[in-house]
Structures are given as structure tokens and as C-alpha cells.
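# Chain and residue survey
What follows is each chain in one-letter form.
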Number of protein chains: 2
Amino acid sequence: MPTLVLDEPGKKIDLSDVDTDPPNNITKEEAQERLRALSDELFELQDLLWGARTHSMLIVLQGRDAAGKDGAIKHVAGAFNPRGINVVSFGVPTPEEREHDFLWRVHRHAPRKGEIAIFNRSHYEDVIVVRVHDLVPKSLWKERFDHINDFEELLTEHNTIIVKFFLHISKAEQEKRLLEREKDPKTAWKLNANDWKEREKWGDFSDAYEEVLERCSTKNGPWHIVPADSKWYRNLVVAEAVRDALKPHRKTWQEKLERDGRAREAELAQFRAQKA
Amino acid sequence: MPTLVLDEPGKKIDLSDVDTDPPNNITKEEAQERLRALSDELFELQDLLWGARTHSMLIVLQGRDAAGKDGAIKHVAGAFNPRGINVVSFGVPTPEEREHDFLWRVHRHAPRKGEIAIFNRSHYEDVIVVRVHDLVPKSLWKERFDHINDFEELLTEHNTIIVKFFLHISKAEQEKRLLEREKDPKTAWKLNANDWKEREKWGDFSDAYEEVLERCSTKNGPWHIVPADSKWYRNLVVAEAVRDALKPHRKTWQEKLERDGRAREAELAQFRAQKA
């Protein structure tokens, strides 16, 4: 899979150099076939995560308007047992949220052991949209990269597996999708004049995302730049990355579950012996 | 006031060298006189904090069993308008809390703008009691000092004024208080055999507190070591430190309130002119 995965800070990224199209060596049919096979695997891995209760998972989705965050979430969340999945959308902060620091509202929704939290937008908005629209002074948002890294490190030390996706679309694809939304009464509600205004700031958003990718890519919270012009390819990349993040723990979780099972059996045997 | 205030990291402290008794140059009567005068000042400062809505305050109280955390809180909270005061006691983590990182339960109770949060025990327990009783591996709690400093920095950048108190009592005074509690039916519920067991680990707790004071004393979150063998002196030190932390903002808050007042008047005048 030729997706760009960034797992250490300090690497400069020029998003205009990164493909938004799927690579040539895969067809839509092949991708869909692989996705179907993946669904069972994801379901099983989540079941182990849930049962073992030693880890949690945080999936972060970021991207420009119409990049496909909702679609990707629908797809990946759909593979899991809804018990243990918590999808959280972070919009414009409420008055209460604004009266706290920028991580306050995010920390509350950090996944507990066994759980998978999927963030539709996240704490990264506080160094992206906030920066582009000049909502807080530069001196303040500049400090936030370190706070984000510290925060994600804290979660990692508490056994949270973090995977972050930047859904990367081209300017042309975005235009196409915004126009489609306008025409379709079922999706027109998603659109407002603001989306077109945001589009004018394409370059500013690129700058903001590039700094995020440079400063907040870490071993414990890697960023995946997902070519997102094709939905079928985007879904496959996201699902495979989530699977790859969970899979290394499979054996440990299985062993934990077996140990727990044996302990319960022993307890039961003891209980019966006492009654007899 | 000869209280030890630590406002930078790296300074080694030997608690056995620090007085637990009041200094000689103040009598109980003088202290109580000053406390009475302070009450009005604290009330007024809180009113400005509340009205201006630009800052919040976090007061952290730590100390050994029977050091007087409840008493100090009762006293300082009593000076304020209860509206805008939030006293939070952090006990043994609940099962839900244990399923999250150690800052999760604390962050939820961070004060919002205008508010004063008073923590009876705090995130510091996760490097104190947790360390003394070996509840998590050393490799894990060692990381927490930095997380605590990062967290407090985050709050500070969001205009939270932080003051931390270590209520410092002597071993003899603790024994006296524990015995008194046992005899008094009104306070006996506070006591259990565990308090006496904890007492055996006096030196381990000293080590833990000393490392906290060394590593987590910062300009933005200073630790005050309060001589706490006398309640009247302890209350005075705490109240004065809280006053001193609020006072530098008095003018800014007053000006903000005056500006807000003028803006409201202008709005009202405009509204009336339109109606006329």
C-alpha cells in the first residue's frame, strides 16, 4: 500500500506533491473484494480489544470540506460491533467548551479501556481552522502542537492505540463534490456559502495541515495521508490501517482472554466444591 | 510571611528541615484579625473574577492524613460566594476513572472562566500514594511529572491561575490529631486502621512529596509549603496566598467590567433611540 505514513516529527511535507488518486496497480473491484474480507477481521479484532480491556483505540479523521470524513467513518464504524464504538463530532465549540482550554472537550471523550473512539474532526481543528481564520493569537496556537503531542503521549502511555487520517482530496474533486451536494436535496443541508468561502483559503489550509503533519507525526500517533479522490480506495486505506494498528495485539489479547477464562473456571470449581 | 514558596523546578527540598510551626513573630489573635480583614478582600476579588470572565482559578490542596485539607478548604471556600466555587475531592479512582489516563478525571473538573475550583487531593496523588503503594510501575509514574507540568501549562495558557498548597504537619501533630479523631464520635468516621498504617510509611511519603515539590514547582503553578501544625496559621497562609494570586488582576478585571458596562449602556441607548 503506497500510502504515506508519517511516524516521526520534523519531516517537511508538500501536500501538492502527494497523490490524491489511487495508484494504478489496484482496481475498484479488487479494492472492494479486499474490503469485504477485512470486515470480518476488524470485527474479530475489536471483539478481542473489548474483551481483553487492556487497550483502547482512538481514530482521528481530518480533512477539508467534502473530503469524505463522514463516509470513511460510516464505513469503518460499520465493520465493528456498535457496542464499544463511540463516534464523536467536534464542531464549533459551544459556549461552555469555549470557557475551557482546547483539550478539555476532547479529553472527556478519550476512549476508555476496550473502547474505540472515532473523532470526526478533533483537537487538530484548534491548529487548523483556528489558525486559518485567526481565531486566537499565533502565540497561543503555536504552543498547541506540543500540547497535542503531550496529550497523545499521555493516552499512549495508558495503552490507547492512536491512528490519524488526513483525507487528501484535490481542489477539482472538492469542487465536483460541493456541486453534487448542491444538486442533491438529501445532501444540500450539508452545504452552505461558507464551504465556497473556505475553498478560497485552500492554500492557507494546506499550510496549516502541512505544519500539523510535520509537528504532530509521532511513532505513537502516526498520520496517514489518504489519497481520497476515490471513495473506494479511501475506505480501503483507512480500514487496512486500522487493522494494521490492532493486529500486533491480537496474540496478547487472546492470551489475556484465555487466562481470564481459566480464572473464572477455577473460581466456579471452587464455589461448587464448597457447596458439595 | 516566611512561608516557603517554590516557583521553579529543580530545587531539592528536605521536608524535615522545613518548619511545621508558626513563626514566633505572630500570635493567634493577630492572625485571626488579619483573616477577618482578608475575607472581604477575597470576596471582592472573586466577584471581579466572576464578572470579568477572562480568568479562572485552580487551588490544589495536598497533605498527609489529618494535615487539615478539609479545614483549610472550609475556611477559604467560606470566604467566597458559593456561586462560582467548585470543591472537588479526588478519592480512590472509580472503575470508570481507572479505565482512563490519570489526568482524565481531573481535566473534567478544570475550572471554566470565572470559576474557582478547589481540589481536595488531585492529580498529584498519582505520583504520591500511587508511588508509595506501588500501584503502577515506576516507569509509568516517572512520566507523570512531565505530564502534570504540561497539563498545568495548558491551563495557564487558558488563563487559569494556579496555586498549590502542601499542608506540612509534624509526625507528632498527626498522631495527636488521629487520636483526637478516634475519641470524637463526630470525626471517628474519618479514621480507619489504614491511617495508622499509612503513618508507618511517613518517610516514603516524604520522598514522594519532595520529588513533587522539586519537579512540579513552576512559575505558573507554584507550591506553597504551609506550616500546618496550627490551624489558625495554616488558614492565614492559605488565604493570603490566594489573595496574592488574585490581586495582580484586580485592575484589569475592573476595567473589563467598566468597558462591558459602557457597552451595555450604549446598546440600551441605541435601543431607546430606535423606539423613540
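Here, the structure is the one placed above.
Residues numbered from 1 in each chain as written. Chains lettered and ligands numbered in written order. Predicted model: local features only at pLDDT ≥ 70, side-chain atom pairs only at ≥ 80, totals over all residues. Heavy atoms only, no water.

## A few points about the interface of chain A and chain B
The parts lose accessible area when they come together, and the size of an interface is often stated as this lost area. Listed as interface residues are 23 residues of chain A and, on the opposing side, 23 residues of chain B. Buried surface at the junction of chain A and chain B, both sides included, amounts to about 2,200 Å², of which 54% is carbon and sulfur. The tally of links between chain A and chain B comes to three salt bridges. For the salt bridge of B:Arg112 with A:Glu99, the shortest nitrogen-to-oxygen distance reads 3.0 Å. At the boundary of chain A and chain B, one finds 21 residue pairs in polar contact (both at pLDDT 80 or more). Looking at the side of chain A that touches chain B, the elements that each hand over two or more residues are helix H4 (104-107) and helix H6 (138-157) of chain A. Per element, the largest residue contribution to the side of chain A that touches chain B is eight residues, and it comes from H6(A). When the residues that make up the side of chain A that touches chain B are grouped by side-chain class, the tally is eight nonpolar, four polar and eleven charged. (Contact = heavy atoms within 4.5 Å. Buried area = accessible area lost by both parts, 1.4 Å probe. Salt bridge = Lys/Arg side-chain N within 4 Å of Asp/Glu carboxyl O. Polar contact = N/O pair within 3.5 Å; in protein donor to acceptor, adjacent residues only side chain to side chain. Helix = DSSP H or I, 4+ residues; strand = E, 2+ residues; numbered from the N terminus. Nonpolar A, V, L, I, M, F, W, Y, C, P; charged D, E, K, R; others polar.)

## Quick word on the sheet that holds strand E6 (residues 223-227) of chain A
All names here are of chain A. Within the open sheet, the six strands sit side by side as E1-E6-E5-E2-E4-E3. Their pairing is mixed. Taken across any chain shown, the strands that pair with only one partner, and hence form the sheet edges, are strand E1 (4-6) and strand E3 (85-89). Averaged over all pairs of adjacent strands, the angle between strand axes in this sheet comes to 20 degrees, irrespective of strand direction. Judged from the eight bridges that link them, strand E2 (residues 56-63) and strand E5 (residues 160-168) form a sheet pairing that is parallel. Within E5, the position partnered with Leu61 by the bridge is Phe165. The strands touched by helix H9 (residues 202-215) are E1, E2, E5 and E6; relative to E6, the strand with the most contacts, the crossing angle is about 135 degrees. (Pairing = 2+ DSSP bridges. Axes fitted to C-alpha atoms, helices over the stretch in contact; angles between N-to-C directions.)

## Topic: the pattern of salt bridges
Within the structure shown, the criterion is met by 49 salt bridges over all chains. Linking B:Arg105 and B:Glu97 is a salt bridge whose minimum nitrogen-to-oxygen distance equals 3.0 Å. Since its relative accessible area comes to 21%, B:Glu97 is described here as partly exposed. For the salt bridge of B:Lys142 with B:Glu211, the shortest nitrogen-to-oxygen distance reads 2.9 Å. You can see B:Lys142 sitting in helix H6 (residues 138-157) and its partner B:Glu211 sitting in helix H9 (residues 202-215), a full 69 residues away along the chain. On the basis of relative accessibility, which here comes to 13%, the residue B:Glu211 falls in the buried class. Each of A:Glu41, A:Glu44, A:Arg243, A:Asp244, A:Lys247 and A:Arg250 takes part in a single network of salt bridges with overlapping partners. (Buried < 20%, exposed > 50% of the residue type's maximum accessible area, 1.4 Å probe, protein only.)

## Some points on the environment of A:Trp232
Residues and elements named next belong to chain A. With respect to the helices and strands, the residue Trp232 is situated in helix H10 (residues 231-246). Once the C-alpha coordinates of Trp232 and Leu35 are considered, the two residues, 197 residues apart in sequence, prove to be 8.9 Å apart. Once you skip the residues sitting within four places of it in the chain, Trp232 turns out to touch Pro22, Ile26, Thr27, Lys28, Ala31, Gln32 and Leu35.

## Let's talk about the sheet that holds strand E1 (residues 4-6) of chain B
As a general point, the strands of a sheet are linked pairwise by backbone hydrogen bonds and lie either parallel or antiparallel. All names here are of chain B. What the six strands build is an open sheet, ordered E1-E6-E5-E2-E4-E3; its pairing is mixed. Strands with a single pairing partner mark the edges of an open sheet, and in this sheet they are E1 and strand E3 (85-89). In this sheet, neighbouring strand axes are inclined to one another by 20 degrees on average, regardless of whether the strands run parallel or antiparallel. Where E1 meets strand E6 (residues 223-227), three bridges bridge the pair, whose relative direction is antiparallel. Directly across from Val5, in E6, lies its bridge partner His224. This element, H6, spans strand E2 (56-63) and strand E5 (160-168) of the sheet and lies at about 135 degrees to E5.

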